[in-house]
Structure formats: structure tokens, C-alpha cells
Amino acid sequence: MSALEKTNGSSDGDRIAWVRVSSVILPLANPISDAKVLTGRQKPMTEIAILFAEIETIDGHRGLGFSYSKRAGGPGQFAHAQEIAPALIGENPSDIAKLWTKLCWAGASVGRSGLSTQAIGAFDVALWDLKAKRANLSLARLLGAQRDSVRCYNTSGGFLHTPLDQLMKNTDLSREKGIGGIKLKVGQPDCAIDIQRVSTVRRHLGDDFPLMVDANQQWDRPTAQRMCRQFEAYNLIWIEEPLDCYDAEGHAALAQQFDTPIATGEMLTSVAEHAEFIKLRGADFLMPDAPRVGGITPYLKVAAMAEQAGLMLAPHFAMELHVHLAATYPTEPWVEHFEWLEPLFNERLETRDGRMLVPTRPGLGLTLSEQVKPWTVQEATVGTRP
């Protein structure tokens, strides 16, 4: 073993010896409703299915990764992850790109997007976490951080089920916590209610405090045009998902027509889907979700394309992961503040002066809390733990 290898705590001979995948059902404190609930497409969300992957090597290096599913999909993600996990045993954990491809082709008959790549995402995040820990660097530092903190905005306090008076209290609480922006859900069957809620919150916040809205794919093209025109008066940071998430041409038309930026991308589950949006300039703010797109490896490809196209970036959900990834983007991004996943981990992210501080602990800087055990509904291991 060379001196450099000793310094890094690993040799090229290190191999993956053991993998555990777990399906954890995280209960939410209150049922969550957005536009799709109010129009009958979905039921209120009461829980999130988390897919955890834990990886350990023969040299004793460990990595933790996760993916997730809202409403349906959790058991399917777990089943796919369990089926492809043996492909990792005996592999060099540093070969992350190679292993992503291997896992993808292990289940290629079910496609290269959606549930299958979301299952891969948990392994991919775990491998990057392991690599950063082995280097004794935070994930952001390993990837090349541009900043030590990232602008952040709160979404969890602005859902459609929240009464207007409580909405105002939630905005105050977010600002007291040092969060730098507020996002409101819109897409009510009665558009006048959306206008009332947004105008009321805008007056409450003042003219310049960052405010965003999210329609969750609710509108058709004519409605989206009318609503975007109405919202021009409120100095919004962006209007999110005004149309179906795959309508790249429709989003591009709105982005070209209005001064208020258009944001979308959270529901896309492959590099190829993001590439189409970027090609058509269907977003001013691109919102990739690393677990949904298949992990950090494909996320970095999306971010590179977005940078080349001059797009702004605001990764969706999973702030515990995305704060690291957003810290590497050359132009100032936004990170979405959701406290929903906090019970899963022992650590907490810090917000101050409108920004989220990037953790300096090695890797993701996360360890699983004791609450995870009673919420675990399925678990499987492959290999032998060193």
C-alpha cells in the first residue's frame, strides 16, 4: 500500500462486502393536500416511504444513502433494490459510475427511469457518502463546493390545506428560523382563492421578501397563461409546475412570454427527460431531484447541462442531500426547506440569515435515529459484514 493510499484510508483492493436495504414508513404529523388533492386526483398524503441503503466494505468503510416515494411506490422500490443489490458485492466502491451502469442494466427490462432508477439512487448516494467519508470530506467539499451556505425557502408551511390565518403564522415562524423565502401552493378549483392567498401573503411579507408559488401541474395552457399574467404583479421568484410535468413546449412558451421565471423538473426521473426540457428551455429554474433521477451520479449530469444552458437551479425536496449538491452549482441556487425527514436522522441542518449552512461533517453528515427502527417495515441484507 502506498503512502497516499494509507493517507486516504483505503487501497485499490477495497471491495464491497455487505449491503442492507430497508423500507421505512415515515408518518407525517398532518395530512398534506396540494392541488391534485383538491381536484380529486389524489388523496391527502399521510406518510412517506423511505428506501435506505447501507454499504460496507472489507476495509470497514461505510456509506448511507436514501431514496423515497410519496403515496404509492415504496414497496416496489424496495423490491427492485433487493433484487439488484447482489450486483454490488465484490465491487470496488470507488467505481461509482461503473456501478450505476451495472445496477441500471441489472434491471434494464423495466426501464431507465422512474421506480427502477429511484431504487438505484439509494445505492448511488450511499457510494458517494462512503467516498466522501473515506476522504474525510463533506460531500459538498468532495464534489467541489462553491459556497458554505445556500439560499433556502420553506414549502411545508404553505400547502393548500393550511387556513390563511395559519399560513401567515407559518411564514412568520419560517422567518424567525432564518429561512429566506416562502413558497405557497396554488391550483385551487377557484382561481380567485389563489389570488387572494398570494396577495395577502405578499402584503404580509412586504414587496421584496422572496415568494414563490407552486401549481403542482394543475392548469391547462389557457389557465396557466391567465394565472401567470395575474401573478406578474406579485414580484415572485418563480411560478412552479404550472402545466403537466412533461409539457416542455408549454413551459417554454410561458417562460418566454412572462417576466416571472418558470420552475419545473422535480417529477422528471432521468437525465434524458431533463435534457429535453433544457433543449427546449422549458424552465428558467430547473428543479432536479437526486433520489428521483437516480442518485448523485445522474444529478451531476443534469446540473452540468443546466449550467451550460445558463439555467438557475433549485433542487427539489430532500434538503439533507441537496444542500450539498446545491453548494456545488456555480450560480446561486435555492434549496427547499422541508422538516419532514428530520425524525429519520440524529443531525439537524442550520438556517441563518435566509440561508442553509452546508454541513462540514464527513459525507452527508447523517446518522440514522433510533426512531427509524420501529418505522422499518421491510429489510434485506446481502453479503457478509466484515
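Just so we're clear, the structure is a prediction, and the values are computed from it rather than from any experiment.

Caption draft 1: Looking closely at the pattern of salt bridges. This model, assessed by the stated rule, comprises 19 salt bridges. Among the ionic pairs, Glu56 bridges to Arg385, the shortest N-O distance being 2.7 Å. Linking Glu56 in strand β2 (residues 45-57) with Arg385 in the segment after β14 (376-383), this pair joins segments that are 329 residues apart in sequence. Classification of Glu56 by relative accessible area gives buried; the value is 4%. With its nearest N and O atoms 2.9 Å apart, the salt bridge here joins Asp129 to Lys133. Of the two residues, Asp129 and Lys133 both sit in helix α5 (residues 115-134), four residues apart, roughly one turn of that helix. By relative accessible area, which is 1% here, Asp129 ends up buried. Classification of Lys133 by relative accessible area gives partly exposed; the value is 30%. In the salt-bridge network here, residues are joined through shared partners; they are Lys183, Lys185, Asp214, Glu240 and Glu336.

Caption draft 2: Here's a closer look at the UniProt feature "binding site: Mg(2+)" (unreviewed entry) in the protein chain. Mapped onto the present numbering, the UniProt feature "binding site: Mg(2+)" (unreviewed entry) falls at Asp214, Glu240 and Glu266. A stretch of 53 residues holds the annotated residues, and the largest C-alpha distance among them is 11.5 Å, short enough that they meet in one place. The residue Asp214 is located in strand β6 (residues 211-214) in this model. Ignoring anything within four residues of it in the chain, the contact list for Asp214 reads Lys183, Leu184, Lys185, Val186, Glu240, Glu241 and Glu266. Among the structural elements, Glu266 can be located in the loop between β8 (262-264) and α11 (271-280). Ignoring anything within four residues of it in the chain, the contact list for Glu266 reads Asp214, Glu240, Glu241, Met287, Asp289, Arg292 and His316.

Caption draft 3: The arrangement of the UniProt feature "binding site: substrate" (unreviewed entry) in the protein chain in detail. Per the UniProt annotation, the sites labelled "binding site: substrate" (unreviewed entry) are Asp34, Ala35, Lys36, Lys70, Arg71, Lys183, Asn216 and Glu336. Position of Lys36 relative to the elements: it lies in helix α2 (residues 35-38). Apart from the residues lying within four places of it in its own chain, the contact partners of Lys36 are Arg41, Gln42, Asn216 and Gln218. Here Lys183 shows up in strand β5 (residues 182-185). Leaving out residues up to four positions away in the same chain, Lys183 has contacts with Tyr153, Asn154, Thr155, Gly158, Met212, Val213, Asp214, Trp238, Glu240 and Glu336. One polar contact links Lys183 to Glu240, side chain to side chain, over a distance of 2.8 Å.

Caption draft 4: A look at helix α14 (residues 319-326). Counting buried positions along α14 gives eight out of eight residues, so the element sits mostly inside the fold. For α14, the full list of buried residues reads Met319, Glu320, Leu321, His322, Val323, His324, Leu325 and Ala326.

Caption draft 5: Up close: the pairing of strand β3 (residues 62-70). A large share of β3 lies buried, amounting to eight of its nine residues. As defined by bridge partners, β2 adjoins β3 across nine bridges and the pair is classed as antiparallel. When the sheet's bridge partners are listed, Leu51 is paired in β3 with Ser67. Two successive antiparallel strands, β2 and β3, enclose a turn made up of four residues, where Gly60 displays a positive phi of approximately 90°.

Caption draft 6: The arrangement of the environment of Thr376 in detail. Inspection of the secondary structure assignment puts Thr376 in strand β14. Assessed through its relative accessible area of 24%, Thr376 is described here as partly exposed. When the C-alpha atoms of Thr376 and Leu51 are compared, they prove to be 9.7 Å apart, with 325 residues separating the residues in sequence. Once residues lying within four places of it in the same chain are set aside, the contact partners of Thr376 are Ser22, Ser23 and Val24.

Cut-off values and rules
- Residues numbered from 1 in each chain as written.
- Predicted model: local features only at pLDDT ≥ 70, side-chain atom pairs only at ≥ 80, totals over all residues.
- Heavy atoms only, no water.
- Salt bridge = Lys/Arg side-chain N within 4 Å of Asp/Glu carboxyl O.
- Helix = DSSP H or I, 4+ residues; strand = E, 2+ residues; numbered from the N terminus.
- Buried < 20%, exposed > 50% of the residue type's maximum accessible area, 1.4 Å probe, protein only.
- UniProt positions renumbered as here; feature names shortened; annotations may be inferred.
- Contact = heavy atoms within 4.5 Å.
- Polar contact = N/O pair within 3.5 Å; in protein donor to acceptor, adjacent residues only side chain to side chain.
- Pairing = 2+ DSSP bridges.

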